[in-house]
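This is what each chain is made of:
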Amino acid sequence: MITKETETDSLIGMHLPRTLTELRAEAACHLLQAYPESSMAVLFSGDCDEEGRFVVELAIGDKCPLKVDDKVAANSWSSDQLLHFPLCYKGQVVGELLIEDGETSEQKEKVAEILSHFAVAIINIKLNEEALRATDQYCASLQAFEKGVVLFQESDKEAVGARFLSLMSSVLGTQASALFVLDEVGNAGSKLRLSQALGIPEMMLEELRLEDESWWPETLLKGTLECFARADDDSFPPLAGIVPPALQSIIALPMRYHGVIAGLYMAFNVDLDDSQSHETLESVRRLSELGAALFHRFSLEESAVRERGLQTQLQIASNIQSRLIPSVAPDSKFIDCSWQSRPAQYVGGDYLDLVGSETGEVFSVIADVSGHGINSALLMTSFRSNFRSDCNHLEPCALLEKLNREVAHEVGDTGMFITAAAFKIKKDGRGFTYASAGHNALYLYRAHEDKVVELDSTGPSLGFLACARYESMDYTVEPQDVLLLYTDGIVEATAGEDPTNMYGDDRLKDCLRKNASRSAEEILNAVDEDLRMFTSSDTFEDDVSVSVIKIL
């Protein structure tokens, strides 16, 4: 007689199998004892995919439409005589048993006990398989690291590429492979170039084209590890045209490291044994991560070298440009001068100058090239050369007209322009002539009236119209009067994050009036200190230039 204890002991046998195949066979025997000659299936929800389908773990009988390992919806088997038994694990439903047969209370109780053991056994096996896979991946990672870590000791990029390609090929057991690296590692939109090829002509790699003539390796960057093989009709999808018979299979693996795409590895005619393919491909995938890290390192090092080189060049350019600003004041006993020009970056587009003449006149200019940076600095350098060659023998209006023609020719249709104001101060210091090309209003402080007069523009900015004309204006001055020339970087400097909170013209005028009785250098320092206090900063978004000319 079979007792309850005997049945329970027999069910414990379901916990002995080490593979799903063995467990399924053991479970099928017990279920068929309860429902002989019945058709049945066990659906397991623990492996549900994104569409919510179940995995078929058991499929028994001719009437069962399902197959083991298929992924199906819960209602894939419909029948009026279908019985449903829940598959539970620790109080949670993880699947169900479907049986097409009659029912007795004794059978129902027996099936519930079978299913309780089956649920525990199948989940334990799946957890064990997952642990084994994780261990395999970990071991593959260690092996890949052990093989690839030596590459980090190599400093030559070409040598690393060759050794990396050889290492990847040896792991896969292939004689033909290729390594492609992005011009800009991390930017999938940059140019992908062949770095190294082993056992395959470079010409053949160039001919790997799709139907739209795009280069196949570039499209593979967007994917993951993929395997391709020649079809029965001798075609090689997705490639177009005739693919050389020598190519029978291809493995393509984008090289990524922490989300950074570095390039692509391709192996040709790889013959993997099914029992080794997972472990081998996992090792290759891990090695590809090391390769991506290597090329990312080279990219960062090259960028650092370029950055240091650029910083050095910009520093040299900054030193050169600073020498283009006058270092000493013109020899005149009638004026006191002080000036300062500070670029927003290493080099800028502001320019100021003070040039003395043999006859005693002093020629001054303040100019601002649109934008700032290298392009503006180059245009400013040309402007300085032209100004210095012509200021001694041309009136300010004629000088601006000539400068305008030269600037218009140089900027072409780039949209760049220059605002400028030119001054000719009489040799006795009692008057000046000026003309302005679209420059912001400059200031003349009248000491005897204690007021500031604005000197407005007398023509358009330089570079817009080659035929533009400019008007000169004459002013008389007296001792203690002050000319303040500046670029708009000072009045447009902002405080805090509010772009509308600018230093402004009124504040600059007030600062000039409050300090006009002081020397030119003291006036300049007062303006500079007031600007720093307003902005709470020593750096500004635009170039800042100020020139102070005080009449003695």
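The structure reproduced in this document is the subject of the present report. (Residues numbered from 1 in each chain as written. Predicted model: local features only at pLDDT ≥ 70, side-chain atom pairs only at ≥ 80, totals over all residues. Heavy atoms only, no water.)

**Some details on the nonpolar core**
By size, the foremost hydrophobic cluster in this structure holds 73 residues, and its most contacted members are Phe383 and Ile490. At seven residues, the largest contribution of residues to this core is made by helix α12 (residues 520-535). Apart from the residues within four sequence positions on either side, isoleucine 490 is in contact with Tyr503, Leu508, Val527, Leu531, Val544 and Val546. Formed by 30 residues, the second largest nonpolar core is a distinct cluster that contains Leu20, Ala34, Phe85 and Leu87. (Core = buried A, V, L, I, M, F, W, Y, C linked by side-chain atoms within 4.5 Å. Buried < 20%, exposed > 50% of the residue type's maximum accessible area, 1.4 Å probe, protein only. Helix = DSSP H or I, 4+ residues; strand = E, 2+ residues; numbered from the N terminus. Contact = heavy atoms within 4.5 Å.)

**What to know about the packing of helix α8 (residues 374-390) against helix α9 (residues 396-411)**
α9 packs onto α8 with a crossing angle of 150° between their chain directions and a minimal axis gap of 10 Å. Considering their axes alone, α8 and α9 lie roughly antiparallel with respect to each other. The element α8 and its partner α9 pack so that their crossing is right-handed. Residue-level contacts link Leu379, Ser382, Phe383, Asn386, Phe387 and Asp390 of α8 to Leu399, Lys402, Leu403, Glu406, Val407, Glu410 and Val411 of α9. Within the contact of α8 with α9, the residues separate by chemical class into seven nonpolar, two polar and four charged. (Axes fitted to C-alpha atoms, helices over the stretch in contact; angles between N-to-C directions. Parallel < 35°, antiparallel > 145°, perpendicular 65-115°, else oblique. Left-handed = near helix turned anticlockwise from the far one by under 90°. Nonpolar A, V, L, I, M, F, W, Y, C, P; charged D, E, K, R; others polar.)

**What to know about the sheet that holds strand β4 (residues 82-89)**
Spatial strand order, β3-β2-β1-β5-β4: five strands in an open sheet with antiparallel pairing. The two strands at the open ends of the sheet, each matched to only one other strand, are β3 (71-72) and β4. Where strand β1 (residues 39-44) lies against strand β2 (residues 54-60), five bridges are found, and the strand directions are antiparallel. Looking across to β2, one finds that methionine 40 is bridged to isoleucine 60. (Pairing = 2+ DSSP bridges.)

**Comments concerning the environment of valine 284**
Residue position: valine 284 is located in helix α7 (residues 274-324). Valine 284 sits 21 residues away from valine 305 along the chain, and the two C-alpha atoms are 31 Å apart. For valine 284, the contacting residues outside a window of four places in its chain are Met168, Val171, Leu172 and Leu253.

**Notes on the pairing of strand β12 (residues 350-356)**
Along β12, six of the seven residues are buried, which leaves the element largely enclosed by surrounding structure. Where β12 lies against strand β13 (residues 362-369), seven bridges are found, and the strand directions are antiparallel. Looking at β13, one finds that aspartate 353 is bridged to valine 365. The antiparallel pairing of β12 with β13 creates a hairpin that spans five residues between the two strands, and glycine 360 there sits at a positive phi of about 105°.

**Examining α8**
Along its 17 residues, α8 runs 25 Å from first to last C-alpha, staying within 8% of the 24 Å computed at 1.5 Å per residue. Taken together, the buried positions of α8 are Ser376, Ala377, Leu379, Met380, Phe383, Arg384, Asn386, Phe387 and Asp390. (Expected span 1.5 Å × (residues − 1).)

**Notes on the packing of helix α11 (residues 505-515) against α12**
In the contact formed by α11 and α12, the axes pass within 10 Å of each other and the chain directions differ by 140°. By the angle between their directions, the pair α11 and α12 is classed as oblique. Helix-helix and strand crossings are classified by hand; for α11 and α12 the assignment is right-handed. Counted together, Arg507, Leu508, Cys511, Leu512 and Asn515 of α11 and Ile523, Ala526, Val527, Asp530 and Phe534 of α12 form the full contact between these two elements. Counted by class, the contact of α11 with α12 contains seven nonpolar, one polar and two charged residues.

**Overview of the pairing of β1**
Most of β1 sits inside the fold, with six of its six residues counted as buried. By the alternation rule, side chains of β1 split into Ser39, Ala41 and Leu43 and Met40, Val42 and Phe44, which are all buried. Examined bridge by bridge, β1 and strand β5 (residues 92-100) share six bridges and lie antiparallel to one another. Directly across from leucine 43, in β5, lies its bridge partner glutamate 96.

**Overview of the side chain of lysine 509**
Here lysine 509 lies in helix α11. Setting aside residues up to four positions removed in sequence, lysine 509 forms contacts with Tyr443, Val452 and Glu454.

In short, shape yes, function no, at least from these values alone.
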